[in-house]
Amino acid sequence: MIETPPLVDQYCQGVLRTELGLGTFEARLVPSAGPPAAGTTFFDTQAGFAVRRWCPPLLGLEPHCAPARYLARRRELGAAEAARRLLRGSGVAAYLLDTGAAGDLTGPEELAVAGEAEAFEAVRLELLAEHVADTSGTAAAFLGHLAEAVHQSAAGAAAFTCGTAAPAAAPSLGAVLAFAPGPPGRGEVAGAAGRWLARRARGEAVRDPVLLRHLLWSAVDSGLPVQLHAAGGLDGPGQRPDRGDPGLFTEFVRATAGLGTRLVLLGGYPYHRQAAQLAAAFPHAYADVGAVVGRSGARAAAVLAELLELAPFGKLLFSSGGGGLPELHAVGALAFREALGRVLGGWVAEGAWSRRDADRVAAMIAGGNARRVYRLDGRP
Amino acid sequence: MIETPPLVDQYCQGVLRTELGLGTFEARLVPSAGPPAAGTTFFDTQAGFAVRRWCPPLLGLEPHCAPARYLARRRELGAAEAARRLLRGSGVAAYLLDTGAAGDLTGPEELAVAGEAEAFEAVRLELLAEHVADTSGTAAAFLGHLAEAVHQSAAGAAAFTCGTAAPAAAPSLGAVLAFAPGPPGRGEVAGAAGRWLARRARGEAVRDPVLLRHLLWSAVDSGLPVQLHAAGGLDGPGQRPDRGDPGLFTEFVRATAGLGTRLVLLGGYPYHRQAAQLAAAFPHAYADVGAVVGRSGARAAAVLAELLELAPFGKLLFSSGGGGLPELHAVGALAFREALGRVLGGWVAEGAWSRRDADRVAAMIAGGNARRVYRLDGRP
Amino acid sequence: MIETPPLVDQYCQGVLRTELGLGTFEARLVPSAGPPAAGTTFFDTQAGFAVRRWCPPLLGLEPHCAPARYLARRRELGAAEAARRLLRGSGVAAYLLDTGAAGDLTGPEELAVAGEAEAFEAVRLELLAEHVADTSGTAAAFLGHLAEAVHQSAAGAAAFTCGTAAPAAAPSLGAVLAFAPGPPGRGEVAGAAGRWLARRARGEAVRDPVLLRHLLWSAVDSGLPVQLHAAGGLDGPGQRPDRGDPGLFTEFVRATAGLGTRLVLLGGYPYHRQAAQLAAAFPHAYADVGAVVGRSGARAAAVLAELLELAPFGKLLFSSGGGGLPELHAVGALAFREALGRVLGGWVAEGAWSRRDADRVAAMIAGGNARRVYRLDGRP
């Protein structure tokens, strides 16, 4: 079989500290605009089946056991101990943690300890702006503090991340950047900042397209890699599957070519082949394997293989996309490793690839690429 | 192997009563804007090969026999007897029949007898409007009678169905609803009805976007499930593959959330993953397996597996999409059952799923979901 | 195994006459907007792995040998001898050569000798216009000479080809035709020609949408098959993955129905299923297997199988899409043959197809369809 070294999970969120009942666990299992339809359960999805396949053994149960039995065992161990077992069983050596997700979630240090791994920070640009806005009286002050905050983040964090989940009534990041990929002018930014500061409620998300573009271009200027999320979520008004197409980032990718930045495109299923295409066409564009691998469960190998059609092997990066439930981190990692082994191993068996190449590519996608792109090895 | 219970074919049309020659049979085999190109035949398609694989044995011939031989045997038996054998050999226990298709086709009762199955009606909204218009003098009368007709249909039928085939020069249903998802205002509807009644020829199809939306919102209000066809047909002006993307229904799906309606998205290949995505994101949205499974023949399992990536297993419904030729009903059912067994059986063999789960999911997609969504079991 | 007769490569470009070092070879391996990213190489792609799989044995080396070793052997043999061995080892009996590609490339006769094959010409419409413009003083003279040149080409060439690579700052051919599919009016054409002639630098590419449409409609009128490239290249401003969707050709395909022309849709990945859909819907539309099969290497069979879902078997045509490196011609052919054998052979093994049908379909896609569509057998 293909050897896969310890993984670098290049995008995830923290783990919930609270105990969960069957219903609250189920609600966290898959993103949805509402509760499961009458007569159905979110456990009856590839994500649910994947959790039941991979997680029970890490807690000492048989794979595929009933959800109620799994949840009982989880409560017996306690949320913290369950998280520890799940994270340590997933073969992840380093996490890049988006610290901007809402909820009672572990931060990088706590995740590192729980998972016996390294943890680095990915700073969510929208949240950075919100924090700065909370303490800035005027547009000028806001923009000055923001520049400072971006600069400071660039010194300590491993990446910026943007577009994770479009706030309600906001266009997707792809839609914003497809419409106007370039940096907004100074006056335009000042005007937008003034209007936003005047109207926003404390803690309210940035949704103004001009400010989003200003944030992104500031991040690009900082030299830190920038993660762009193709918002695939369908829970906000105006969202549509095709608004999550990473192809919408093309003009922005083109506009940032040659500036020394590295862009990592996350998400995008079922338009993931387009992300691979951009990673092939532009030297500074990278594609994420992402949450879909864990979410598609038994189909993980099939989806991964589609990404491997055009994406250069040095441009594809593993992530679990997990957040909230440590089960999602674990399943993302375990389903990915199994899928990668199956896909590359199959090509070796057919004579299409050499084993040596397969092992080398597996190591790149599993973590080597992320270590190089985010310069993790020199970090404290 | 995976056990699949008798199927519920949740969308099909009637069966032709007339005898068919080789040419007329071929013309019915695949949708096309014209006759086969010089030097080609519609038999040389996955649909043609699938018919030659599955149907000859049901009429006492070898699989893959030549089309001429198959047609000769079919004529020998007669259209009615051939239909009986094909339908009874397909393992379908219940049909949901769109009674709005043109041609000398069997209705629900006749199909039920021929197929030794139950048959329920799906009322085509466009046709309902046309029938009402034929007997209504004024816009006010038309709208009143229409409300009554929708109400009456809701009492007797199992579903409404809309958008099956966009009439020539009309936008696809997806294009209509993407542009304006909400219910049109009273005055707008009255105006559109008046203009349509004044100009239409008797029996002419509804193509006015305002009236289509009014029809759909009336159907939604009735509480009966509504089938939305992502028009994949390319035979009308203005049709394009991407106009058949079910993602275009997103805003309509969002607008109808929480109203108690159930929407079933049909068709959409090659954008079928988007239908699965909507079924995952919205509690009241369901996705159809559909005609593509039978039409793609040897690729049926691959297409079905793509649907099974994100669609919750309680939200995916089998249909043959057959109409005209009973061969299409039979191939849809037999190819589906084989594909489902192959896909789920493969996952069990790999250890990704338990056998118990696989059998359970097979039963849901084959018919259980349709019985629940359309409330078939309480019906007369 | 499935028997595949000698291939007809229905779209390729000439082979470079010059010797290549490791860096220049690598730069030719995959299309890209720039050099490989730091820490990566274009050899670490499916295309690179496919070259290392298929080509070394043709030059007397082990498959999967290191790129440097392969290049050393190539230099040892010389560019001409290496090209001869690669072309003759690929099993191609006839080439359709786009003679409009830039660089020191072999023409049809030279390719025919090197490859011990027939070679036919596909005339690139944009280049024809440029040549005519170079020797025409006025718009009227230009349009007159152009009509003549199209007429003359139609007598000698096997096809017209258009849209191969959109010049910088030009919209894709699909975008042009989606916006205005019909033939432009006389006055409109004369105006556009006048403006273009007045401003163009010698040898400058046609990018005016009106002139492109005029070229295409002239080609349609000539009766010769017309190849339409869904520009998948991302190296020009304004290009986006979805601008390469062959679905954008739909209105043009519809507008040319019944005129006696045959349209062959090339490229389009990851929207290749849409090309197959058009080939199924319109009698005069054909789909290309294309460069993606060679480029996707170990995934060639998977991509080919997607094309084989809806494309009628008499409407799908092999091409390597090779140009520059003879390795691309060879890999395109060898990967295609292996993929076709694997896909069709798998269906025979499953009982989905008969062996007889599989052999027949293999012969059609490999070359029979191209011989019929381009009427190659009667040609000098």
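Residue positions are given per chain, counting from 1 as you read along its sequence in written order. Written order decides the labels, with chains lettered from A and ligands numbered from 1. With pLDDT at 70 or above as the cut-off, local features in this predicted model cover only qualifying residues; side-chain atom pairs require 80 or more to be listed or tallied, and sums for whole chains, interfaces and linings still use all residues. Working from all heavy atoms in the structure, the side-chain values ignore hydrogens and water.

Caption draft 1: Spatial organisation of the overall build of chain A. By definition, any uninterrupted DSSP run of H or I lasting at least four residues is a helix, any uninterrupted run of E lasting at least two residues is a strand, and each is numbered from the N terminus. Helix and strand content of chain A: 16 helices and eight strands. Considering only C-alpha atoms, chain A reaches an extent of 60 × 50 × 45 Å along its principal axes. Here the term buried applies to any residue with accessible area under 20% of the maximum for its type, exposed to any over 50%, and partly exposed to those in between, with areas from a 1.4 Å probe on protein chains only. Within chain A, buried positions represent 63% of all 380 residues. If you take every contact in chain A between residues at least 6 apart in sequence, the share linking residues at least 24 apart comes to 75%. Roughly 12700 Å² of accessible area belongs to chain A as shown, and the carbon and sulfur atoms make up 55% of that amount. Each charge class in chain A was averaged separately, 36 positive and 36 negative side chains, and the resulting centres sit 1 Å apart. Any two residues whose heavy atoms approach within 4.5 Å at even a single point are treated as in contact. Working definition of accessibility: Shrake-Rupley area with a 1.4 Å probe, residue cover restricted to the visible protein chains. Note on charges: Lys and Arg go in the positive column, Asp and Glu in the negative column, and His and the chain ends are not counted at all. A charge is said to be at NZ when it belongs to Lys, at CZ for Arg, at CG for Asp and at CD for Glu.

Caption draft 2: Quick look at the relation of the copies chain A and chain C. In superposing the copies, a least-squares fit is computed on C-alpha atoms, taking residues whose pLDDT is at least 70 in both. Overlay of chain A on chain C (RMSD 0.0 Å): rotation 120°, translation along the axis 0.0 Å. Both chain copies can therefore be described as sitting about a three-fold axis.

Caption draft 3: Just the interface of chain A and chain B, in detail. Tallying the contact residues gives 35 residues for chain A and 36 residues for chain B. Should a side-chain nitrogen of Lys or Arg be within 4 Å of a carboxyl oxygen of Asp or Glu, the pair is scored as a salt bridge. Taken together, chain A and chain B are joined by five salt bridges. In protein, a polar contact requires one atom able to donate a hydrogen and another able to accept it; more generally it is a pair of N or O atoms within 3.5 Å, and residues adjacent in sequence count only if both atoms are side-chain atoms. Inspection of the chain A/chain B interface yields 16 residue pairs in polar contact (both at pLDDT 80 or more). Every element with two or more residues in the side of chain A that touches chain B is listed here: α2 (46-58) and α14 (300-310) of chain A. Looking at the side of chain A that touches chain B, the element that brings in the most residues is α2(A), giving four residues. For the side of chain A that touches chain B, the residue count by class is 14 nonpolar, 13 polar and eight charged. Throughout, the ten residues Ala, Val, Leu, Ile, Met, Phe, Trp, Tyr, Cys and Pro are labelled nonpolar, Asp, Glu, Lys and Arg are labelled charged, and all others, Gly among them, are labelled polar.

Caption draft 4: Just the sheet that holds strand β1 (residues 7-12) of chain B, in detail. All names here are of chain B. Paired strands, in this sense, are two strands between which DSSP finds at least two bridges. Spatial ordering of the open sheet is given by β1-β2-β3-β4-β5-β6-β7-β8, a layout of eight strands whose pairing is parallel. Every other strand in the sheet has two partners, leaving β1 and β8 (316-317) as the edge strands with one partner each. Taken together, the five bridges between strand β2 (residues 92-98) and strand β3 (residues 118-124) define a ladder with parallel strand orientation. Note on β3: the bridge partner recorded for Leu 96 is Phe 120.

Caption draft 5: Just the sheet that holds strand β4 (residues 159-162) of chain A, in detail. All names here are of chain A. Taken together, the eight strands give an open sheet; going across it, the order is β1-β2-β3-β4-β5-β6-β7-β8, and neighbouring strands pair in parallel fashion. Whereas interior strands pair on both sides, the edge strands pair on one side only; in this sheet they are β1 (7-12) and β8 (316-317). In terms of strand pairing, strand β3 (residues 118-124) meets β4 through three bridges, oriented parallel. Each bridged residue has a counterpart across the sheet, and for Val 123 the counterpart in β4 is Phe 160.

Caption draft 6: Molecular detail of the relation of the copies chain A and chain B. Take chain A, turn it by 120°, move it 0.0 Å along the axis, and it overlays chain B with an RMSD of 0.0 Å. Of the residues that chain A buries at the interface, just 3% are likewise interface residues in chain B, meaning the two copies contact each other through different surfaces.

Caption draft 7: View of the environment of Val289(A). Inspection of the secondary structure puts Val289(A) in the loop between β7 (285-288) and α13 (291-295). Separated by 186 residues in sequence, Val289(A) and Gly103(A) have C-alpha atoms that sit 25 Å apart.

Caption draft 8: Main features of the interface of chain A and chain C. Listed per partner, the contact involves 36 residues of chain A and 36 residues of chain C. Taking both sides of the interface into account, the surface hidden between chain A and chain C amounts to around 3100 Å²; carbon and sulfur atoms contribute 53%. Of all residues in chain A, Arg273(A), Gln277(A) and Glu309(A) give up the largest surface area on contact with chain C, accounting jointly for 19% of the area buried on that side. One can count five salt bridges joining chain A with chain C. Connecting chain A to chain C are 15 residue pairs in polar contact (both at pLDDT 80 or more). Tallying contributions element by element places helix α12 (residues 272-281) of chain A first for the side of chain A that touches chain C, with six residues. When its residues are assigned to classes, the side of chain A that touches chain C shows 18 nonpolar, seven polar and eleven charged. Buried area: the sum, over both parts, of the accessible surface (1.4 Å probe) that disappears when the two are put together.

Caption draft 9: Structural view of the packing of helix α6 (residues 125-134) of chain C against helix α7 (residues 139-156) of chain C. Residue and element names in this part refer to chain C. Working convention: axes come from line fits to C-alpha atoms, limited for helices to the stretch in contact. Angles between N-to-C directions cover 0 to 180 degrees. Direction vectors running N to C along α6 and α7 enclose 135°, while the axes themselves pass 9 Å from each other. Judged by the inter-axis angle, α6 sits oblique to α7. As for the relative orientation of α6 and α7, their crossing is right-handed in sense. Listed contacts from α7 to Leu 128, Ala 129, Val 132 and Ala 133 of α6 are Phe 142, His 145, Leu 146, Ala 149, Val 150 and Ser 153. Tallied by class, residues from the contact of α6 with α7 come to eight nonpolar, two polar and no charged. Put simply, angles under 35 degrees are roughly parallel, angles over 145 are roughly antiparallel, angles from 65 to 115 are roughly perpendicular, and the rest are oblique. Less than a right angle of anticlockwise turn of the near helix away from the far helix marks a crossing as left-handed, whereas a clockwise turn marks it as right-handed.

These figures come from the coordinates and say nothing about function on their own.
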